[in-house]
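Below are the chains, spelled out letter by letter.
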Amino acid sequence: MNAEEERRVLVGRIVGVSGTAGAVKLESWTDPRMQIFRYQPWILKSVGGERELRGCRGREQGKGMIATLPGVDDRDQAAALIGTEIWVLRSALPRSKPGEYYWTDLEGMDVATVEGISFGRVSHLFATGANDVLVVRDGERERLIPFVLEQYVKQVDLDARRIVVDWDPDF
């Protein structure tokens, strides 16, 4: 596997149990949230280690989601999974559309101004409701740059792992 295929993406978490037959309650961070079941295998990661599962199925129930996991057949087994993170390989996700980016693809990219001044690398992103924000660090400084294409983000080159921004270096 190359580095792209080995990279993992956190897509959800097991937050509870449902019934006595081993079903679990999920929190999904995919959009739409039921999409989590299309990205498999799941890599379940907890303090006890990790394991890979294929064939996870689920449904919406009220405001939540219920899943059945292969090999999880009773309430005690399900309860032991509460807090477990659900990861998938980046290669399991569909290609993004032009002008759209997965946050995981932007993390670690070099960021520079249109004048060529280096700002460092994307540490992570967060959502504000109005727009997403790049958190860029260079070891000495942290910058928060709105991820607004054309206005502030002038170019995203996934192959070169570089983002060009129109942003004041003193800000």
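Anything mentioned here points back to the structure above.
Residues numbered from 1 in each chain as written. Predicted model: local features only at pLDDT ≥ 70, side-chain atom pairs only at ≥ 80, totals over all residues. Heavy atoms only, no water.

(A) How the structure looks around the packing of aromatic side chains. Applying the stated criterion across every chain yields a total of four aromatic pairs. An angle of 35° between the planes, with centres 5.6 Å apart, marks the rings of Phe37 and Trp42 as tilted. Given a relative accessible area of 13%, Phe37 falls into the buried group. Here the aromatic rings of Tyr101 and Phe147 are separated by 6.0 Å at their centres, their planes lie at 85°, and the arrangement is edge-to-face. Pair noted here: Tyr101 is in the loop between strand E7 (85-89) and helix H3 (103-106) and Phe147 is in the loop between strand E11 (142-146) and strand E12 (153-157), with a separation of 46 residues, a long-range link. Three or more aromatic residues link up through ring pairs in this structure, and these residues are Tyr152, Trp167 and Phe171. Directly above the ring of Trp87 sits Lys45, whose terminal nitrogen or CZ lies 5.4 Å from the centroid. Lying over the aromatic face of Phe119, Arg143 brings its terminal NZ or CZ to 3.9 Å of the ring centre. (Phe/Tyr/Trp six-rings, centres within 6.5 Å; stacked < 30°, edge-to-face > 60°. Buried < 20%, exposed > 50% of the residue type's maximum accessible area, 1.4 Å probe, protein only. Helix = DSSP H or I, 4+ residues; strand = E, 2+ residues; numbered from the N terminus. Lys NZ or Arg CZ within 6 Å of the ring centre and 35° of its normal.)

(B) View of the sheet that holds strand E9 (residues 118-127). Strand order in the open sheet made by the six strands is E11-E10-E9-E8-E13-E12, with mixed pairing throughout. The open sheet has two edge strands, E11 and E12, and neither has a second partner. The sheet shows a mean angle of 35° between the axes of neighbouring strands, taken without regard to direction. As judged from the three bridges shared by strand E8 (residues 110-113) and E9, these two strands associate in the antiparallel manner. Within E9, the position partnered with Ala112 by the bridge is Ser118. (Pairing = 2+ DSSP bridges. Axes fitted to C-alpha atoms, helices over the stretch in contact; angles between N-to-C directions.)

(C) Examining the sheet that holds E7 more closely. Strand order in this open sheet of seven strands is E4-E3-E7-E1-E2-E6-E5, and the pairing throughout is antiparallel. The sheet is open, and its two edges are formed by strand E4 (49-53) and strand E5 (57-61), each paired on a single side. Within this sheet the neighbouring strands show an average axis-to-axis angle of 35°, counted without direction. Both E5 and strand E6 (residues 64-68) contribute to a ladder of five bridges, which runs antiparallel. In the sheet register, Arg57 faces E6, and the bridge partner there is Thr68.

(D) Layout of a negative patch on the surface. A surface patch of like charges, here negative, comprises Glu115, Asp166, Asp168 and Asp170. For Asp170, a relative accessible area of 70% gives the class exposed. (Patch = residues over 30% accessible without salt bridge, like charges linked within 9 Å, V, L, I, M, F, W, Y side chains within 5 Å. Areas by Shrake-Rupley, 256 points an atom, 1.4 Å probe, with all protein chains shown as cover. Salt bridge = Lys/Arg side-chain N within 4 Å of Asp/Glu carboxyl O. Lys, Arg positive; Asp, Glu negative; His and termini not counted. Charge placed at Lys NZ, Arg CZ, Asp CG, Glu CD.)

(E) Seen up close, the side chain of Thr104. Mapped onto the elements of the fold, Thr104 is located in helix H3. Sequence-distant contacts of Thr104, that is, excluding residues within four places in its chain, are made with Arg7, Arg8, Val9 and Arg90. (Contact = heavy atoms within 4.5 Å.)

(F) View of the pattern of salt bridges. All told, the structure shown has eight salt bridges when counted by the stated rule. Notably, a salt bridge pairs Arg8 with Glu50, separated by 2.8 Å at the nearest N-O pair. Residue Arg8 is found in strand E1 (residues 8-18), and its partner Glu50 is found in strand E4; the two are separated by 42 residues along the sequence. Judged by its relative accessible area of 43%, Glu50 is partly exposed. Here Asp105 and Arg90 are joined by a salt bridge, their closest N and O atoms 2.8 Å apart. Of this pair, Asp105 sits in helix H3 while Arg90 sits in the loop between E7 and H3; the two residues are 15 residues apart in sequence, bridging distant segments of the chain. Looking at Asp105, the relative accessible area reads 7%, which means it is buried. Residue Arg90 is classed as buried on the basis of its relative accessible area of 7%.

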